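Below, each chain spelled out in residue letters.
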Amino acid sequence: MEIRLQKISVQLPGSRDPLFRIRELKIPSGSKTLIRGPSGRGKTTLLHLMAGLFLPPEGDIVVGEAELHRMSDESRSDYRRKNIGIIFQRLNLLDQLTALENVLLGLSDRGNLQSAQKSLEKLKVADKADLLTAKLSLGEQQRVAVARILAASPPVILADEPTSSLDHDNAELVRKNLFEAASGKTLVVVSHDERISKGFDRVLDFDEWTRQ
Amino acid sequence: MNPFQLALINLKRRRDSTLVAVIAIALSIMSSGVLLRLYLLSGQRFSTLAHGVDAVVGAKSGGLEILLGSLNGEGDYPDYLPYVLFRSLRQGQTVQFEDGAQSTPDFIRKVTPFLYAAQADGARVVGTDETFIKTEADENRPALSSGRWASKPLEVVLGANWARNHSSSLGDTVSIHTWLGQTVSNDDYKLTVVGILGSTGSVWDQMLFISVQQAQDFLRLQDVSHRTIWGVEVLHYFLVNLKPGGFEHLESLINRRTVGQVVRVDEEIKRLQDLTGTGRRLGFLISAMIVLLGGLVVCAMLLARFDGMTMQLAVLRAMGYRKKFIFSWLVLEGITLGVAACILGACLDALSFPFFRTLLGSALPSPSLAQSSIFLSAPVWAASLIAVVLSIAVPAFKLSTRDAHQALRGL
């Protein structure tokens, strides 16, 4: 699925100056794109835009055939549930659920227990499946968050700093699985972690590119 | 995972905060329910007052004491009046006083003797005569529903409630214990039931009735010399029905020239209502405040709980869960919590209410005369459930007005 953003200007609440402007950004279908840049410039906000979590005052956001900027909030939710998977910067797992339940939460139907267990196995956290995520280490939580996407296997995967809290081995494991999950799918990663930078089709510098 | 499963998981896994919320809400429901029921009962405090009497003559004391002692069957053992005074009033004989004054009580239509003589299972046994029951002229007096009046020794007529509660019928025997002052003796007299009164909705339903002669015979069995100079020729009260305008004459005769005191029943009831009205209004105010505070406690507990879940709700939104799903989760969680707290609160209410009722003693009507169903607390349960639903309104409003991006970024 291609992601296309056009003539977008994003402002922070209460601010007169835009946080960033985008004349046009196209993420080709099936590509793997890394967006790099210093903190506080709006990389996460850009990712949320692509997911349709909010709409800017003006501009177009098109994912595949869906014009998110024309859709209602509830329609965007439905679309996101079927087509977009997000790995959040602050993990954001539901801490009252077990690792397995968190993965199942990302699936459209509950029947997919096997794929949930399989994705936990791939990320080497299958032995933690029945533990509450609040009891997992930060690295384990990160891997559960990736497993959630792996199991759901959506056409578009958006990841916000997916390796930020992992050691070298686990960062490599997550990168490998993320790429495996994204095989044939569109992957956009926002990160300043050098360890994850290899293997992407394109690397965009956020500052340069939003100044275009 | 459906919203109800998610609600149950959340309640179960956040066990400590769920328990604290349920207990706090249940305690608030219990205290509000108990207060509401006590308030409603206090309204029935004098609803058991007997009807069909214009005035009551008793030994000199407070007017309310005479009223409640005679027509509501409560208070301490009363002082005596001489039987001879009763006889004079009944026969309309001219009464001659030591100062030479005379009075002819022709303003009395009917006078009924009333003497507490014994107790049966905590209920009072009254010595009286057939003038006590209903006649054409006194529609408000109790009527016999079966049998006849007790006119011979060791016969008794039962009040409707007492007969029903003890499954007694005509021909049965009833055990009574003589009563004098603070003492109810251990002696045991068997009386035969010869009549049962119809229900009046008053304190009479809870009493037993024997002849005056029998009541005085019971007094004779005890040493009454230190209590009365008239031997056993005494009564506690005279229940009087007057001819129009007769009260002033009766008052002038009794209050000024005898050991007795007469009170007008309707006036004393009004006084009673005036006296208790302020207390009841205050009680109502306090009850209403407690119910309101209870509702606020429920709201505060749930608001804090749901507010802490803001980020989780945002994550679900970002994952593509619809607002309707999340709203259903909140409502189901709130209602489950509220219903559990209501059930616990109602149980605590039912268990603790008898204790509070006993604590308030004579400020409330006797349990045998005025029941208080647990379902009288239902408005409190309804208020709590409404408070639960209202407390969901705040996170629901946030959910509908903030997009997932703002919530995730903490904006």
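Caption draft 1: Focus on the overall build of chain A. In terms of helices and strands, chain A carries 7 helices and 9 strands. Taken over 212 residues, chain A has a buried fraction of 45%.

Caption draft 2: Molecular detail of unusual backbone geometry. Residues and elements named next belong to chain A. Within the chain, Lys124 stands out as a residue other than glycine whose phi angle is a positive 60 degrees. For Lys124, the position within the fold is in the loop between helix 4 (113–122) and helix 5 (138–152). Residues other than glycine seldom take positive phi values, yet Glu161 does so here, at roughly 50 degrees. Turning to its location among the elements, Glu161 is positioned in the loop between strand 7 (156–160) and helix 6 (168–181). Residue Glu161 is classed as buried on the basis of its C-beta count, with 22 C-beta atoms lying within 10 Å.

Caption draft 3: Up close: the sheet that holds strand 2 (residues 18–27) of chain A. Residue and element names in this part refer to chain A. Strand order in the open sheet formed by 4 strands is 2-1-4-5, and the pairing between neighbours is antiparallel. The outermost strands of the open sheet, each flanked by one partner alone, are strand 2 and strand 5 (66–67). As defined by bridge partners, strand 4 (residues 60–63) adjoins strand 5 across 2 bridges and the pair is classed as antiparallel. The partner of Val62 across the bridge, within strand 5, is Glu67. In the packing of helix 1 (residues 43–51) onto the sheet, the strands contacted are strand 1 (3–11), strand 2 and strand 4, and the crossing angle to strand 1 comes to about 130 degrees.

Caption draft 4: Quick look at the environment of Asp138 of chain B. Residues and elements named next belong to chain B. Along the chain, the position of Asp138 falls in the loop between strand 6 (123–128) and strand 7 (144–147). In this structure, the C-alpha to C-alpha distance between Asp138 and Lys110, residues 28 residues apart in sequence, is 9.5 Å. Every residue in contact with Asp138, bar those within four places of it in the chain, is listed here: Gly52, Lys110 and Asn241.

Caption draft 5: Representation of the interface of chain A and chain B within the structure. Contact residues are listed per partner, giving 21 residues for chain A and 21 residues for chain B. Of all elements in the fold, only helix 1, helix 2 (73–83) and helix 3 (99–105) of chain A reach the threshold of two or more residues within the side of chain A that touches chain B. The dominant element in the side of chain A that touches chain B, judged by the number of residues it contributes, is helix 2 of chain A, at 5 residues. By residue class, the composition of the side of chain A that touches chain B is 11 nonpolar, 5 polar and 5 charged.

The rules behind the values
Residues numbered from 1 in each chain as written. Chains lettered and ligands numbered in written order. Predicted model: local features only at pLDDT ≥ 70, side-chain atom pairs only at ≥ 80, totals over all residues. Helix = DSSP H or I, 4+ residues; strand = E, 2+ residues; numbered from the N terminus. Buried ≥ 20, exposed ≤ 12 C-beta atoms within 10 Å, placed from the backbone. Pairing = 2+ DSSP bridges. Contact = placed C-beta atoms within 7 Å. Axes fitted to C-alpha atoms, helices over the stretch in contact; angles between N-to-C directions. Nonpolar A, V, L, I, M, F, W, Y, C, P; charged D, E, K, R; others polar.

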